Amino acid sequence: MLAELTHRCPLQCPYCSNPIALSRRSEELGTEEWVDVFGQAAALGVLQVHLSGGEPTARSDLEDLVAAARAAGLYNNLITAGVLLTRERLAALQAAGVDHVQLSVQDSDPVNADRIGNCRDGHARKLEVAGWVRELGLPLTVNAVVHRQNLDHIEEIVALAHRLGAHRLEIANVQYYGWALENLSALMPTREQVERAGAVAERARERYRGRMSIDYVVPDYFARRPKRCMDGWGSRFFAVTPRGRVLPCHAAETITGMAFSSVRERPLAWIWHNDAAFNRFRGLDWMPEPCRGCEHRERDLGGCRCQAFALTGDAGATDPVCERSPLHHLVTGRAVPPPGADGPAFRYRRFVAAPGGAVPGTTGAGSGQH
């Protein structure tokens, strides 16, 4: 289970996976509501919860939520940008029951990292947090989202994760829906970058084998076959948004016109078993051709529904990443970055003060410099 505790975040990453329309603070589930959700999740059979956002440490009740997850018997993993943490609070979260920390980095280069996240001195604070995680003896995973403007630094990112004492490194290429689709021209790498990065990642796996696990998620737009997204829609995973909507994948709200039930209205078990959104793309019967007659249908399950919608306007279409899709040209046509070293400037997401909580907006095009 992914528990998106809030959409509030001090970073403004141009590939943010949260929906374009963010939830206000006043709309977020309260402490007792989340405690109840964790209990329902455990009863449903969930074993692990990812505490995420936005930035989960923006919630003042995070220690209580961690303790509730632990009390429900859930292994809990804190996914954080780190920049709001102090050593004292991290120790308090460990005492409350945090089992594992996933720390995001935007690059190995401090200047570029702060530019990508649009956060002054954010990289330096992340390194400090990683040191505290190590001092406290918590397992550490480093997450790095890669794209045109940092993909050539994979070797340095791997070395950084190892210096930080990470047990695991996840290098994931940007997935182009939601906010990332708004910044596609600035984020799309070249084919040469992708090929070099794949070779570097493979060598790094061998070099660090037995010392640090490295997962490298290839970019969809340069693949011949779609990924087995979320190991199947509504099969092994669900997310709960800050205001309680339950999703079959974290990006499902990018599919407009699809209704998702809320834990404020229905029990979690009912949603998992009976909700129309969860059942819409389960199994194989929903598949169109060429998926329905394809020998790979049980391997890739038709690919990503959010990506299919983003590119075709139809969440039930074959993922255009597949070379057998009649709309494969929608991918190949976009996998050509514009000329120039970095492409267009990022469009950043920002929050402005308003009654009832944070309201999303954008700064428009900008250099990202402070």
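Scroll up a little and you will see the structure.
Keep in mind it's a predicted model, so treat the numbers as computed, not measured. (Residues numbered from 1 in each chain as written. Predicted model: local features only at pLDDT ≥ 70, side-chain atom pairs only at ≥ 80, totals over all residues. Heavy atoms only, no water.)

Undergrad: Outline the packing of helix α2 (residues 62-71) against helix α3 (residues 87-96), listing residues and values.
TA: As a packed pair, α2 and α3 sit with axes 8 Å apart at the nearest point and diverge in direction by 25°. If you check the angle between α2 and α3, you find them roughly parallel. In this structure, α2 crosses over α3, and the sense of that crossing is right-handed. Here Leu62, Glu63, Val66, Ala67 and Arg70 of α2 lie close against α3, whose contacting residues are Arg89, Ala92, Leu93 and Ala96. Looking at the contact of α2 with α3, its residues break down into 6 nonpolar, no polar and 3 charged. (Axes fitted to C-alpha atoms, helices over the stretch in contact; angles between N-to-C directions. Helix = DSSP H or I, 4+ residues; strand = E, 2+ residues; numbered from the N terminus. Parallel < 35°, antiparallel > 145°, perpendicular 65-115°, else oblique. Left-handed = near helix turned anticlockwise from the far one by under 90°. Contact = heavy atoms within 4.5 Å. Nonpolar A, V, L, I, M, F, W, Y, C, P; charged D, E, K, R; others polar.)

Undergrad: Explain the pairing of strand β3 (residues 75-80) to me, and be specific about the residues and the numbers.
TA: As judged from the 4 bridges shared by strand β2 (residues 48-52) and β3, these two strands associate in the parallel manner. For glutamine 48, the partnering residue across the bridge sits in β3 and is tyrosine 75. A crossover connection joins β2 to the parallel β3 through α2; in handedness this β-α-β unit is right-handed. Sheet topology places β3 next to strand β4 (residues 100-105); 4 bridges connect them, and they run parallel. Each residue of the ladder has a partner; that of leucine 78, found in β4, is valine 101. (Pairing = 2+ DSSP bridges. Right-handed = clockwise from strand over helix to strand, strands pointing away.)

Undergrad: I'd like to hear about the packing of helix α1 (residues 31-44) against α2, residue by residue, with values.
TA: At a minimum axis separation of 9 Å, α1 and α2 run at an interaxial angle of 20°. Overall, the two elements α1 and α2 adopt an arrangement that is roughly parallel. Two packed elements cross with a definite hand, and for α1 against α2 that hand is right-handed. Contacts between α1 and α2 pair Thr31, Trp34, Val35 and Phe38 from the former with Asp64, Leu65, Ala68 and Ala69 from the latter. Of the residues in the contact of α1 with α2, the class split is 6 nonpolar, 1 polar and 1 charged.

Undergrad: Can you tell me about the packing of aromatic side chains, naming the residues and giving the values?
TA: Taken as a whole and judged by the stated rule, the model has 7 aromatic pairs. Measuring from centroid to centroid gives 5.2 Å for tryptophan 233 and phenylalanine 281, while their planes differ by 90°, and the two rings are edge-to-face. One end of the pair, tryptophan 233, is in the loop between β7 (213-217) and β8 (239-240); the other, phenylalanine 281, is in the loop between α11 (276-280) and α12 (297-300), with 48 residues separating them in the sequence. The pair tryptophan 233 / phenylalanine 281 is uniform in exposure class, with both members buried. Members of the aromatic cluster, connected to one another through ring pairs, are Trp233, Phe281 and Trp286. The cationic tip of arginine 266 hangs over the ring face of tryptophan 270; the distance from NZ or CZ to the ring centre is 3.8 Å. The aromatic ring of tryptophan 272 is capped on one face by arginine 282, whose charged end is 4.8 Å from the ring centroid. (Phe/Tyr/Trp six-rings, centres within 6.5 Å; stacked < 30°, edge-to-face > 60°. Buried < 20%, exposed > 50% of the residue type's maximum accessible area, 1.4 Å probe, protein only. Lys NZ or Arg CZ within 6 Å of the ring centre and 35° of its normal.)

Undergrad: So what's going on with the side chain of glutamate 55? Which residues, and what values?
TA: Here glutamate 55 shows up in the loop between β2 and α2. Lacking a salt bridge, the buried glutamate 55 has lysine 126 as its closest oppositely charged neighbour, with an N-O distance of 6.9 Å. One polar contact links the side chain of glutamate 55 to the main-chain amide nitrogen of alanine 81, over a distance of 2.7 Å. Setting aside its immediate chain neighbours within four residues, glutamate 55 contacts Thr6, Arg8, Cys9, Pro10, Thr80, Ala81, Gly82 and Leu84. (Lys, Arg positive; Asp, Glu negative; His and termini not counted. Salt bridge = Lys/Arg side-chain N within 4 Å of Asp/Glu carboxyl O. Polar contact = N/O pair within 3.5 Å; in protein donor to acceptor, adjacent residues only side chain to side chain.)

Undergrad: Lay out the pattern of salt bridges with the relevant residues and their values.
TA: Counted by the stated rule, this structure contains 21 salt bridges. Close ionic contact of arginine 243 with glutamate 27 constitutes a salt bridge, the shortest N to O distance being 3.7 Å. Within this pair, whereas arginine 243 is found in the loop between β8 and β9 (246-247), its partner glutamate 27 is found in the loop between β1 (2-4) and α1, the two being separated by 216 residues in sequence. Given the relative accessible area of 29%, arginine 243 is considered partly exposed. Taking the relative accessible area as the measure of exposure, glutamate 27 reaches 25% and is therefore partly exposed. The partner of glutamate 206 in a salt bridge is arginine 209, and the shortest N-O contact between them spans 2.4 Å. Taking the relative accessible area as the measure of exposure, glutamate 206 reaches 47% and is therefore partly exposed. Arginine 209 gets classed as exposed once you look at its relative accessible area, which sits at 55%. Each member of the salt-bridge network shares a partner with another, and the members are Arg8, Glu28, Arg59 and Asp61.

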